[in-house]
Amino acid sequence: MRYMLGVDVGGTFTDFVAYDSQTKDINVWKRMSVPRDPGEGIVRGLAQFEHQPDIRNIRLGTTIATNAILERKGACVAFLTTSGFRDVVFIQRGNRKYHYDINWVKPKPLVKRRHCREVAERLDSQGNIMAAANEGELRGLARAIAADKEIEAVAVVFLFSYINPVHERLVQRIFAEEAPELPVSISYDVLPKWKEYERASTTIADAYIKPIVAAQLGTMAEKLERSVGTRKVSVIKSNGGEMTLQAAASAPIHMAVSGPTGGVVAGRHIAKLLGIDSLVTIDMGGTSTDVSTIVGGQESFTTGFEIEWGLPIQIPMIDIRTIGAGGGSIAWIDKGGMLRVGPQSAGAAPGPACYGAGGTDATVTDANLLLGRLNPAYFLGGSMALDVTAAESAMARLADRLGKPAEETAMSVLRIANTNMIGALRSVLIERGLDPRDFTLMSFGGAGPLHVSDLIEEMGIPRAVVPNHPGQFSAYGFILTDARVDRHRTLQLTSKRFDRERATEVLKTLIEEALEDLRAQGYAENVQIFRSLEMRYLGQNYELELPIAFDTFSPENTTALWEQFHVAHRARFGFDIPGEVIEIVNFSATVVSITPKPVFRELEPAAGDPEPIETRLVHFIDGRKSVPVYRRDALSANHSIAGPAIVEEIASVTVLNPGHRLFVDRFGNMVIERA
Amino acid sequence: MDIVTMNLLDSTMVSICREMGITLMKTSYSTIFNEALDFTCALADTAGDMIAVAEFCPAQIGGMPLLIKSCAQEIPTSAMEEGDVIVHNDPYRGGLHTPEHTFFKPVFYDGDLMGFAVSIGHIAEVGGMVPGAFAGEATEIFHEGLRVPPLKIIKRGQDVEEVWKVLLANVRTPRYNYGDLRALISSVDLGEQRLRMMIGKYGKEVFRQTTRDLMDYSERRMRAEIASIPDGIYRFQDVVENDGIEEREYAIRVAAYVQGDEIVVDYTGSSPQARGPINATLGVTWSATYNGLLHLTDPTIPKNSGCFRPVKIVAPPGTVVNVDYPGPEVGGNTETHPRIAGAVIGALAPAVPHRAMAAEGSTHINFVFGGYDEQNDEYFACYDIEMVGWGGRLAADGNDGQDSINGNCRAMPVEVFETRYPWRIEEWRLLTDSGGAGTHRGGLATGKRLLCCKTDITVSQMTDRHRIKPWGFGGGKEGANGATLIRRAGSTKWQTVVEAFNKRSSSKYANITIRPGDRLQLIAPGGGGWGDPAERDRAAIREDIREGYVSAERAFKDYGFQANKED
């Protein structure tokens, strides 16, 4: 049982990473995905791995949950809610995505209005029962829904159920008796937090993808069972942790963002290894770029995710911002004569003009090629020749319209693409009060390392890391994950009349629920518990999260807690309101079962300087320069390269700007520093 | 002009404005701020021209240019110092209405004034005759709360205590107002810091030149948009149904003169100003005109003062579109604004049908209430808005349940509302048949029923469209009216406030007392339909019936659709 495998199933490629715990070797490879049968793609890729019987575990990142929602291929859901409130999911929040776009169409929820059923029941804002649910009525409803052949899943959201789940539990029980074949998602299990639209949207999404995810994971498990014969297959959750296939099938909403979390988890691991306190990751692929942060050894989490504008999925997950900017992003000129890049992408087909597959639009990849940053003879390690002439004519067309030389145009395309990525970096750093000067940028994805030097220059970030295997970094992250359960719950208590017993009870229950979830999946070892509170001044509407280290609220730790809040508010927003009443809104518990981690092999220290394989003319903002080109696999620990320079590897290229210096650390990471 | 630097500065400045807005949202107290997002953050140059803005509330975006310039007349830039923060809300000094507070902070670099960080936000409680500012029966500006001329609330980084004392002594909810004011100040502090950092990076001259270039660029694009509209005179008229004082209509009359790449929007012929609070200040009329035009043009044009250069506005003083002192005007910003913006869209719709729509509900319902919260031993006040139907369009049905065109506010969640205020919401629905019939039908309005449960609540309202329906376009039918209905405890009869409280207007009234056991319905107006109903796709009608958007009876009446035969 030597091998740990990470498998990232993407739209075009499935990436594989295998770690050998005896030799500490890491192997990476790619296979074409089989979109209609992801399991088949995995099995084919695994067939390339000769040590199948020696696999200890396989962790999968998959987009099946995401795609089912984005492509609207989920189940026909019946939605049960409090009488009077069927339309909450149609009214949504009433705001618009764009101010001035009269043609914008409001997103439709994942249920039909005719499948929304109201139940006579009501709790007040304290969780007291104002109108008790009628069991007979519920039984009748359950039978009627079971008899409707169109309905494939059920979502239940009652007002104030996050305080008191009694009626949701009753519905769950009655459906288990009357309609046992129908999967039922209740909001208390999915997301016991206030704000009914967001909770309902999340709960409906869970029900919507449950049948399809359960079926696909089932097929996948069968296939893997037959081929690899391993039971140790798990799935990566949106919180970066793993969960069993069975747990995934019963709470599929936790897989809404599965694959991209791998890069963040790997980033965290490497940051710890290298002693980096504040890291920002940028994963730039062909059509999109994902950005996230790791501060003090922790990923940043969000409960404000929207899978599409207006369709919130608010379970706790790693906060990854995605923008439509990648190597394939198309450059174009708007009506005012401004050059723009993206969000339209040439995608994989036809792809950038230089792919020679019929693309005629100039893309970021074409610009990189024409500026000498990409080697037409060593793209994907030489397995794909790039068509320079096609890139030139695409760029020339754009340049003509701008009335500028082609090279200047290509440089402008590059700079605007960088500006787009800077926007994404700003949104996770500056817009959240984080100072870029405290950060290290980790850049991966096929296209990330091409832009890394420019990005740290423009953002004022002092240094960057290009890790090993930047082209398969998510799958790489999967061999580094733990099992993790996050559980949040809303209960409002103020500092003015603080009920310590109630607070203690809620926190303990939350931790117990989370532990039980982990145990039920078979993760019982090396368990760590983290607790935090979301707090605000009474009257505010958004909370600051404060970690706490206790389970029982005492007079002493409670007094200290209020003081910590004032301090945290001052630190985040620049002011506090001394003496103001403070409100606790949400309690949260995270339990993690730490799993065995790979140990990375260290490189032999270099003897002498690295040898460039050639020199090439490359364009930088301040002009064209002749620069040395290195191959990454020829670099060793302690090698140091002064920019300008290029480092090529099979799935990526790193561009080092003039004035920057690159240093290879003992693990083979390339660390770039500005002068 | 360096296009890359321009692109970079534009996106950086918009991102600064967004960051200012996030700070406001996260730290403010009023729900109208933090749930509804009724605020806007911008950056301006030393001339008071807006150079960047984040998309929060559209009403305030168009009001920005006049606001800063008016303030600068009273506090000349020579009297501004580093660390000052200026507060202002006076409708008669370039403002929009008394709840809308503008904060601006001069940004200095190396001792030179470079521009301003500006935040405008709606503070729910401002004193005056009703809790929540919307006094539907106000007859002069003094009824509408405390007027704050441009004042330094912070001087060289220090609180000016006297100003704080006056501001907080004149409102019902000082604890909340304090939180909101602090939030606004922290947002302009942040904007100032960030803009200074940016100028430090690019240099003063590049900043000045590029912001000028950016405004020229937006102007160029706006001119190109106007040039694509055929020359001509385009007219339209809509009305505000009454002013809360007299039962008569007030006309908004638009004549849009398009010539080449410029447009003159002339409101001559609009009604003389009303005694009640439906009047618009000049700032509101500018803002509404720009809002209408920005909807009719390419939405990707960067929003700054350059957009407005090819637009000239004629608004005769003493009319509902340019009120003379001391007329009341709190509803001008919420009710008359969408009526003006809608009339501009209606006027130009025949020329640019692919960018136009039929009338949206064009009211925010503006349901305000206050009372005493025994548990926390303090006064509460709330400004609640409800969602209307939007108009049908050339390409699609109108959207259901959205905030009116001059806001982009979010509805308050039921669970937040009931936790904060002593009401129980009994139902909240999309109203079947409220969208006007058409080739593309109007969007559905919302209806909410509330039960007063614990304590007496003082209620006021400033809405419209109870009698006049939202217009359809090109043969499309009108959207449904709104209504406010009350059922006293123990009664079975729903009554208007005219019937139940002897008020003059059902849509605009002040200070009625709702007691425990009383119920209240807030019914919003629906959107107008677009195009001949006979042209509507039969499958769409069938789906509307199945989904309950249109009843079978109305489908027969409006479309001649016989559900049992065509199914």
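This one's a predicted model, so the numbers in the text were calculated from it and none came from an experiment.

Peer 1: Can you help me understand the overall build of chain B in this one?
Peer 2: Secondary structure assignment for chain B yields 13 helices and 19 strands. A compact globule built from 567 residues would reach a C-alpha radius of gyration of about 24 Å, and chain B, at 23 Å, matches this within 12%. Reported as C-alpha extents along the three principal axes, the dimensions of chain B are approximately 75 × 60 × 40 Å. Counting over 567 residues, chain B shows a buried share of 64%. Put simply, of all contacts in chain B between residues at least 6 apart along the chain, 75% involve residues at least 24 apart.

Peer 1: Could you clarify how one ought to interpret the overall build of chain A in this entry?
Peer 2: Each helix and strand counted, chain A has 16 helices and 35 strands in total. Its C-alpha radius of gyration of 26 Å places chain A within 12% of the 26 Å reference for a compact globule of 675 residues. Seen through its C-alpha atoms, chain A measures out along the principal axes to roughly 80 × 60 × 60 Å. Going through the 675 residues of chain A one by one, you find that 53% of them count as buried.

Peer 1: Help me understand the interface of chain A and chain B, please; the structure alone is not making it clear to me.
Peer 2: Often, the extent of an interface is quoted as the loss of accessible area on bringing the components together. Of the residues lining the interface, 51 residues belong to chain A; the matching set on chain B comes to 66 residues. When contributions to the side of chain A that touches chain B are tallied by element, the ones reaching two or more residues are α3 (88-91), α7 (196-227) and α12 (406-428) of chain A. No other element matches α12 of chain A, which puts 6 residues into the side of chain A that touches chain B.

Peer 1: Even after reading the chapter, I still don't get the packing of helix α11 (residues 388-402) of chain A against α12 of chain A, so can you show me in this structure?
Peer 2: Any two packed helices are characterised by the angle at which their axes cross and by the distance between the axes. All names here are of chain A. The contact between α11 and α12 brings their axes to 9 Å, and the two run at 95 degrees. What the angle tells us is that α11 and α12 run roughly perpendicular. Residues Met 395, Ala 396, Leu 398, Ala 399 and Leu 402 of α11 pack against Ala 406, Thr 409 and Ala 410 of α12. Among the residues making up the contact of α11 with α12, the classes are represented as 7 nonpolar, 1 polar and no charged.

Peer 1: How should I be thinking about the environment of Phe 142 of chain B in this particular structure?
Peer 2: Within the secondary structure layout, Phe 142 of chain B lies in the loop between β5 (112-122) and β6 (151-155). Assessed through the 14 C-beta atoms surrounding it within 10 Å, Phe 142 of chain B is described here as partly exposed.

Peer 1: Please clarify how the domain arrangement of chain A should be interpreted in this entry.
Peer 2: All names here are of chain A. Entries for chain A in the domain assignment read domain 1 (70-213) and domain 2 (483-593). Of the residues lining the interface, 5 residues belong to domain 1; the matching set on domain 2 comes to 5 residues. A class-by-class count of the residues in the side of domain 1 that touches domain 2 yields 4 nonpolar, no polar and 1 charged.

Peer 1: Would you mind going over the nonpolar core with me for this structure?
Peer 2: Buried together is how nonpolar side chains tend to be arranged in soluble globular proteins. If you look at the biggest cluster of nonpolar residues, it comprises 368 residues, and the most contacted ones within it are Val 77, Val 154, Ile 204 and Leu 425 of chain A together with Cys 17, Val 118 and Val 344 of chain B. There are two domains that each give this core at least three residues, and those are domain 1 (70-213) and domain 2 (483-593) of chain A. When sequence neighbours within four positions are dropped, the list of residues in contact with Leu 425 of chain A reads Val 280, Ile 282, Val 291, Leu 455 and Met 459 of chain A.

Peer 1: Is there a simple way to think about the sheet that holds strand β4 (residues 100-109) of chain B in this case?
Peer 2: Across a sheet, paired strands are connected by hydrogen bonds in the backbone, their directions being either parallel or antiparallel. Residue and element names in this part refer to chain B. Here we have 7 strands laid out as an open sheet, ordered β2-β1-β5-β4-β3-β6-β7, and antiparallel in their pairing. Bordering the open sheet on either side are β2 (50-53) and β7 (158-159), each of which pairs with just one other strand. Of the pairings in the sheet, the one linking strand β1 (residues 39-45) to β2 comprises 3 bridges and is antiparallel in character. Within β2, the position partnered with Ala 44 by the bridge is Met 50.

Peer 1: Please explain the sheet that holds strand β6 (residues 116-119) of chain A as it appears in this structure.
Peer 2: All names here are of chain A. With parallel pairing, the 4 strands of this open sheet are ordered in space as β6-β5-β9-β10. Strand pairing shows two members of the sheet lacking a second neighbour, β6 and β10 (184-186), which therefore form its edges. In this sheet, adjacent strand axes meet at a mean angle of 20 degrees when their direction is disregarded. Bridging between strand β9 (residues 153-157) and β10 involves 3 bridges; their strand directions are parallel. Paired with Ala 155 across the two strands is Ser 185, which belongs to β10. Here helix α5 (residues 166-178) sits on the sheet in contact with β5 (77-82), β9 and β10, set at roughly 170 degrees to β10. Relative to β9, α7 is tilted by about 165 degrees, and along the sheet it contacts β5, β9 and β10.

Peer 1: Just to check I follow, could you spell out unusual backbone geometry for this structure?
Peer 2: With the exception of glycine, the majority of residues adopt a negative phi angle, and the majority of peptide bonds are in the trans configuration. Between Gly 342 of chain A and Pro 343 of chain A the backbone carries a cis peptide bond, its omega angle lying at 0 degrees. Within the fold, Pro 343 of chain A resides in strand β22 (residues 339-345). In the segment running from Tyr 325 of chain B into Pro 326 of chain B, the intervening peptide bond is cis, with an omega of -5 degrees. Turning to its location among the elements, Pro 326 of chain B is positioned in the loop between β11 (311-314) and α8 (332-348). Even without being a glycine, Leu 380 of chain A presents a positive backbone phi close to 50 degrees. Tracing the backbone through its elements, the reader meets Leu 380 of chain A in the loop between α10 (364-370) and α11. The backbone phi angle of Arg 156 of chain B is positive, close to 45 degrees, even though this residue is not glycine. Examined against the element boundaries, Arg 156 of chain B turns out to sit in the loop between β6 and β7. Residue classification places Arg 156 of chain B among the exposed positions, given that 10 C-beta atoms sit within 10 Å.

Peer 1: Before we go on, may I ask you to explain helix α9 (residues 261-274) of chain A in this structure?
Peer 2: One full turn of an α-helix is made of 3.6 residues, so residues set three or four places apart face in the same direction. An ideal rise of 1.5 Å per residue puts 20 Å on 14 residues; α9 of chain A measures up with 20 Å between its terminal C-alpha atoms. Among all positions of α9 of chain A, only Thr 261, Gly 262, Gly 263, Val 264, Val 265, Ala 266, Gly 267, Arg 268, His 269, Ile 270 and Ala 271 of chain A are buried.

Peer 1: Help me understand the pairing of strand β27 (residues 544-548) of chain A, please; the structure alone is not making it clear to me.
Peer 2: Moving residue by residue along a regular strand, the side chains alternate between the two faces of the sheet. Residues and elements named next belong to chain A. Bridging between strand β26 (residues 527-537) and β27 involves 5 bridges; their strand directions are antiparallel. Considered in β27, the bridge of Leu 533 is made with Leu 546. Between β26 and β27, which pair antiparallel and follow one another directly, the connecting turn spans 6 residues, one of which, Gly 539, has a positive phi of 120 degrees.

Peer 1: When you look at the pairing of strand β3 (residues 26-32) of chain A in this model, what are you seeing that I'm missing?
Peer 2: Residues and elements named next belong to chain A. As paired strands, strand β2 (residues 13-20) and β3 are joined by 7 bridges and run antiparallel to one another. Each bridged residue has a counterpart across the sheet, and for Ala 18 the counterpart in β3 is Asn 27. In textbook terms, the turn of a hairpin is the stretch between consecutive antiparallel strands, and for β2 and β3 this stretch comprises 5 residues, one of which, Lys 24, has a positive phi near 65 degrees.

Peer 1: Help me understand helix α15 (residues 500-520) of chain A, please; the structure alone is not making it clear to me.
Peer 2: Residue and element names in this part refer to chain A. With 21 residues, α15 extends 30 Å from end C-alpha to end C-alpha; this agrees with the ideal 30 Å at 1.5 Å per step. Those residues of α15 that sit buried are Leu 507, Leu 510, Ile 511, Ala 514 and Leu 518. Relative to the axis of α15, the buried residues are bounded by an arc of 90 degrees and lie together on one face. In this structure, α15 carries Glu 501, Arg 502 and Ala 520 as exposed residues pointing more than 90 degrees from its buried face. Tucked inside the fold, the buried residues of α15 contact β25 (483-494), β26 and β28 (582-593). Trailing α15 by a residue or two, Gly 522 shows a phi angle of about 95 degrees, which is positive.

Parameters at a glance
- Residues numbered from 1 in each chain as written.
- Chains lettered and ligands numbered in written order.
- Predicted model: local features only at pLDDT ≥ 70, side-chain atom pairs only at ≥ 80, totals over all residues.
- Helix = DSSP H or I, 4+ residues; strand = E, 2+ residues; numbered from the N terminus.
- Rg over C-alpha atoms; globule rule 2.2 N^0.38 Å.
- Buried ≥ 20, exposed ≤ 12 C-beta atoms within 10 Å, placed from the backbone.
- Contact = placed C-beta atoms within 7 Å.
- Axes fitted to C-alpha atoms, helices over the stretch in contact; angles between N-to-C directions.
- Parallel < 35°, antiparallel > 145°, perpendicular 65-115°, else oblique.
- Nonpolar A, V, L, I, M, F, W, Y, C, P; charged D, E, K, R; others polar.
- Domains from an automatic or database assignment.
- Core = buried A, V, L, I, M, F, W, Y, C linked by C-beta atoms within 7 Å.
- Pairing = 2+ DSSP bridges.
- Expected span 1.5 Å × (residues − 1).
- Arc of directions from axis to C-beta.

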